Amino acid sequence: MYKIGITGGIGSGKTTVCKVFEVLGIPVFYADTEAKNIMIKDAELIEGVKSTFGKNSYFDDGILNNKHIAAIVFNSEIELAKLNALVHPAVFRAFDAWANEVKNNVPYTLKEAALLFESDSYKMCDTSILVTAPMETKINRVIQRDNVSTEQVKARMSKQMTDEDKAKMAEHFIVNDEEHSIIKQVLSLHKHFLQLASKVQTI
Ligand SMILES: CC(C)(COP(=O)(O)OP(=O)(O)OC[C@H]1O[C@@H](n2cnc3c(N)ncnc32)[C@H](O)[C@@H]1O)[C@@H](O)C(=O)NCCC(=O)NCCS
Ligand SMILES: Nc1ncnc2c1ncn2[C@@H]1O[C@H](COP(=O)(O)OP(=O)(O)OP(=O)(O)O)[C@@H](O)[C@H]1O
């Protein structure tokens, strides 16, 4: 089955774009959401997170203390690398299992991941889409959505590849600014992917 990775910087709107593909019947694996699920379900991972970032990484009821972990990892490359090394292999396994489950019923699937290129997970996909938006738009969206400061958004941006570098690796693009319609762009890519997927199936 044809697998498409979709990424974009923080606040670019990749999740919003994925919701449009879902309306068209395309299943989406949300790697960032899955990472969070795994972090509260996988006993081995929970132990690893606690021993690396302290017992405060979880509240007494087992909920992940996002703010505590974010404050550590988005201020240190070394700490962020430790978190990624703990979480990413588990997310890769979850994607494999998910793709195996849905593969018989759909022409193609999407894997939405903030770190598609940084984590090498694009290598598990047949092609990729990059969602872009102007820097100021991205920052304003995240401030409004998450009630965080400009500095906090910029700290995360600085831990991700630039759009320019991602553009060198991506094969398809969606511009999610105030001028372009994402629906039109999604429909056009959907048509293209249906054709590609049907060719793959007939080979
Ligand atoms: C650090 C955590 C606890 C912060 O949680 P928080 O609720 O504040 O943020 P959330 O998960 O909603 O992420 C928001 C955005 O931050 C950016 N971001 C998240 N994790 C990372 C990371 N490891 N490196 C760079 N940017 C990241 C992404 O743009 C993401 O979409 C959380 O992001 C986490 O557990 N990250 C590790 C899992 C991961 O690497 N996810 C990304 C790809 S699988
Ligand atoms: N074209 C748009 N017009 C108006 N608001 C938008 C548009 N696209 C996205 N948004 C809003 O911007 C915010 C960020 O979008 P979204 O969550 O889809 O981004 P993301 O790339 O998945 O971000 P993150 O990496 O932080 O998870 C959301 O509140 C979303 O509703």
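Residues numbered from 1 in each chain as written. Chains lettered and ligands numbered in written order. Predicted model: local features only at pLDDT ≥ 70, side-chain atom pairs only at ≥ 80, totals over all residues. Heavy atoms only, no water.

Going by the annotation in an unreviewed UniProt entry, the name recorded for the protein is Dephospho-CoA kinase, with Pedobacter lithocola given as the source organism. Taken directly from UniProt, the Subcellular location (unreviewed entry) text for the protein runs: "Cytoplasm". Recorded under Function (unreviewed entry), the UniProt text for the protein is reproduced unchanged: "Catalyzes the phosphorylation of the 3'-hydroxyl group of dephosphocoenzyme A to form coenzyme A." (UniProt positions renumbered as here; feature names shortened; annotations may be inferred.)

Visitor: It is not clear to me how the packing of helix H6 (residues 135-146) against helix H7 (residues 150-157) should be interpreted in this structure. Could you clarify?
Guide: Axis angle and axis distance: for two packed helices, these are the angle between their axes and the distance between the axes, and together they describe the pair. Taken N-terminus to C-terminus, the directions of H6 and H7 make an angle of 120°; their axes are 9 Å apart at the nearest point. By the angle class used here, H6 and H7 are oblique. Relative to H7, the crossing made by H6 is right-handed. Contacts between H6 and H7 involve Met135, Lys138, Ile139, Val142 and Ile143 on the former and, on the latter, Thr150, Val153, Lys154 and Met157. Residue classes in the contact of H6 with H7 are distributed as 6 nonpolar, 1 polar and 2 charged. (Axes fitted to C-alpha atoms, helices over the stretch in contact; angles between N-to-C directions. Helix = DSSP H or I, 4+ residues; strand = E, 2+ residues; numbered from the N terminus. Parallel < 35°, antiparallel > 145°, perpendicular 65-115°, else oblique. Left-handed = near helix turned anticlockwise from the far one by under 90°. Contact = heavy atoms within 4.5 Å. Nonpolar A, V, L, I, M, F, W, Y, C, P; charged D, E, K, R; others polar.)

Visitor: What am I meant to see in the UniProt feature "binding site: ATP" (unreviewed entry) in the protein here?
Guide: As annotated by UniProt and renumbered to match this structure, "binding site: ATP" (unreviewed entry) occupies Gly11, Ser12, Gly13, Lys14, Thr15 and Thr16. Residue position: Gly13 is located in the loop between strand S1 (2-8) and helix H1 (14-23). Setting aside chain neighbours within four positions, we find Gly13 in contact with Val131, Arg141 and Asn176. Here Lys14 lies in helix H1. Beyond its immediate stretch of four places on either side in the chain, Lys14 contacts Thr7, Gly8, Gly9, Glu112, Ala113, Ala114 and Val131.

Visitor: Would you take a moment to explain unusual backbone geometry for this structure?
Guide: Leaving glycine aside, a negative phi is the common case for residues, and trans is the common case for peptide bonds. Phi at Asp120 is positive, roughly 70°, even though this residue is not glycine. As for its position among the elements, Asp120 is in the loop between strand S3 (108-112) and strand S4 (127-132). Classification of Asp120 by relative accessible area gives partly exposed; the value is 36%. (Buried < 20%, exposed > 50% of the residue type's maximum accessible area, 1.4 Å probe, protein only.)

Visitor: How should the side chain of Gln185 be read in this particular structure?
Guide: Note that Gln185 resides in helix H9 (residues 182-202). Residue class for Gln185 comes out buried when judged on its relative accessible area of 18%. Not counting the four nearest positions on each side in its chain, Gln185 is found in contact with Phe173, Ile174, Val175 and His180.

Visitor: Would you mind going over a nonpolar patch on the surface with me for this structure?
Guide: A cluster of nonpolar side chains, Leu24, Ile183 and Leu187, forms an exposed patch at the surface whose accessible area comes to about 250 Å². Structurally, Leu24 can be placed in the loop between H1 and strand S2 (28-30). (Patch = residues over 30% accessible without salt bridge, like charges linked within 9 Å, V, L, I, M, F, W, Y side chains within 5 Å. Areas by Shrake-Rupley, 256 points an atom, 1.4 Å probe, with all protein chains shown as cover. Salt bridge = Lys/Arg side-chain N within 4 Å of Asp/Glu carboxyl O.)

Visitor: Please clarify how the site of ligand 2 should be interpreted in this entry.
Guide: Ligand 2 sits among Gly9, Ile10, Gly11, Ser12, Gly13, Lys14, Thr15, Thr16, Glu112, Arg141, Arg145 and Asn176. Within the backbone of Gly13, an N or O atom sits 2.9 Å from an oxygen atom of ligand 2. Between an oxygen atom of ligand 2 and a side-chain N or O atom of Thr16, the distance comes to 2.6 Å. When the free accessible area of ligand 2 is taken as 630 Å², the share hidden by the protein chains comes to 67%. Residue assignment for the shell around ligand 2 shows that the elements contributing at least two residues are H1 and H6. Considering each element in turn, the shell around ligand 2 owes the most residues, 3 residues, to H1. For the shell around ligand 2, the residue count by class is 1 nonpolar, 7 polar and 4 charged. (Near = heavy atom within 4 Å. Polar contact = N/O pair within 3.5 Å; in protein donor to acceptor, adjacent residues only side chain to side chain.)

Visitor: Is there a simple way to think about the sheet that holds S2 in this case?
Guide: Hydrogen bonds between backbone atoms are what pair the strands of a sheet, whose relative direction is either parallel or antiparallel. Pairing is parallel in the open sheet, where 5 strands are placed in the order S2-S3-S1-S4-S5. Whereas interior strands pair on both sides, the edge strands pair on one side only; in this sheet they are S2 and strand S5 (172-175). On average, each strand axis in the sheet is tilted by 20° relative to the strand beside it, whichever way the strands run. Pairing of S1 with S4 involves 5 bridges; the strand directions are parallel. Its bridge partner being in S4, Ile4 is matched across the sheet by Thr127. (Pairing = 2+ DSSP bridges.)

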